[in-house]
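# Summary of structural features
One-letter residues, chain by chain:
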Amino acid sequence: MKNERSEIFHDILLDVLGKGKRVKIRPFGSSMAPTILSGEAVIIEPIGDKTVNEGDIVVVESIRPRLHRVVHIDKQKGMVITRGDAFNQNDPPVSLNEIWGRLVSIKKSPILRAHRLLVRFRSQCARVVLDGFYSLASFVFSVRR
């Protein structure tokens, strides 16, 4: 069922952008963090005959639509390389024809951002507590010997 929904979403997204209309979506995943958090609303405009620049965040037609940043453009070959902000590795090169849209705005969600900070804070606190526990346990066991 999920694959069928993904395919329907893919088809609708590309159809709307192909007709020259803007679309508002909520991408899920962490590949564009911290720029875009999973579930934040973004507005995508169709590329049409506009140029793509390095640094643009674009929708690439793929097995499923991918919203990643352009990191390199080879104008001679007509190829573009994208990468998610959270990744160290580039995506495979794609043709300029496979870029369907460009991000024009992000509606930052204070609730999602606060939740992310809380999760990060809790994990750091847990690390500190565990480090303290291990230090205390090491001390106690060394004193007992």
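Structural notes, computed from the coordinates. Please read these numbers as outputs of a predicted model, since none were measured by experiment.

### Regarding the overall build of the chain
The number of helices and strands found in the chain is two helices and seven strands. Helices and strands in the chain line up, N terminus first, as α-β-β-β-β-β-β-β-α. With an accessible surface of roughly 10,200 Å², the chain has 57% of that area assigned to carbon and sulfur atoms.

### Focus: unusual backbone geometry
Ala 33 connects to Pro 34 through a cis peptide bond whose omega is 5 degrees. Within the secondary structure, Pro 34 is located in the loop between strand S1 (23-25) and strand S2 (41-46).

### Here we look at the nonpolar core
If you look at the biggest cluster of nonpolar residues, it comprises twelve residues: Leu 13, Leu 17, Val 23, Ile 25, Met 32, Ile 36, Val 42, Ile 44, Ile 57, Val 59, Leu 67 and Leu 103. When residues of this core are traced back to their parent elements, those giving at least two are helix H1 (2-18), S1, S2 and strand S3 (57-60). Contact partners of Val 42, with chain neighbours within four places excluded, come to Val 23, Lys 24, Ile 25, Pro 27, Ile 36, Leu 67, Leu 103, Ser 105 and Ile 106.

### Remarks on the pattern of salt bridges
All chains considered together, the criterion is met by seven salt bridges. Between Arg 102 and Glu 45 there is a salt bridge whose closest N-O contact spans 3.5 Å. Pair noted here: Arg 102 is in strand S7 (residues 99-107) and Glu 45 is in strand S2, with a separation of 57 residues, a long-range link. Taking the relative accessible area as the measure of exposure, Glu 45 reaches 13% and is therefore buried. A salt bridge links Arg 102 to Asp 56; the shortest N-O distance between them is 2.5 Å. Separated by 46 residues along the polypeptide, Arg 102 in strand S7 and Asp 56 in the loop between S2 and S3 bring together distant segments of the chain. Accessibility assignment for this pair places Arg 102 and Asp 56 in one class, buried. Taken together, the shared-partner salt bridges connect Arg 22, Glu 45, Lys 50, Asp 56 and Arg 102 into one network.

### Comments concerning the sheet that holds strand S4 (residues 66-74)
If you trace the seven strands from one edge of the open sheet to the other, you get S1-S2-S7-S3-S4-S5-S6, paired in antiparallel fashion. Either end of the sheet is taken by a strand with one partner, and the two such strands are S1 and strand S6 (94-95). Bridging between S1 and S2 involves three bridges; their strand directions are antiparallel. In the sheet register, Lys 24 faces S2, and the bridge partner there is Ile 43.

### Things to note about the side chain of Ser 31
Within the secondary structure, Ser 31 sits in the loop between S1 and S2. At 3.0 Å, the side chain of Ser 31 forms a polar contact with the side chain of His 68.

Basis of the calculations
Residues numbered from 1 in each chain as written. Predicted model: local features only at pLDDT ≥ 70, side-chain atom pairs only at ≥ 80, totals over all residues. Heavy atoms only, no water. Helix = DSSP H or I, 4+ residues; strand = E, 2+ residues; numbered from the N terminus. Areas by Shrake-Rupley, 256 points an atom, 1.4 Å probe, with all protein chains shown as cover. Core = buried A, V, L, I, M, F, W, Y, C linked by side-chain atoms within 4.5 Å. Buried < 20%, exposed > 50% of the residue type's maximum accessible area, 1.4 Å probe, protein only. Contact = heavy atoms within 4.5 Å. Salt bridge = Lys/Arg side-chain N within 4 Å of Asp/Glu carboxyl O. Pairing = 2+ DSSP bridges. Polar contact = N/O pair within 3.5 Å; in protein donor to acceptor, adjacent residues only side chain to side chain.

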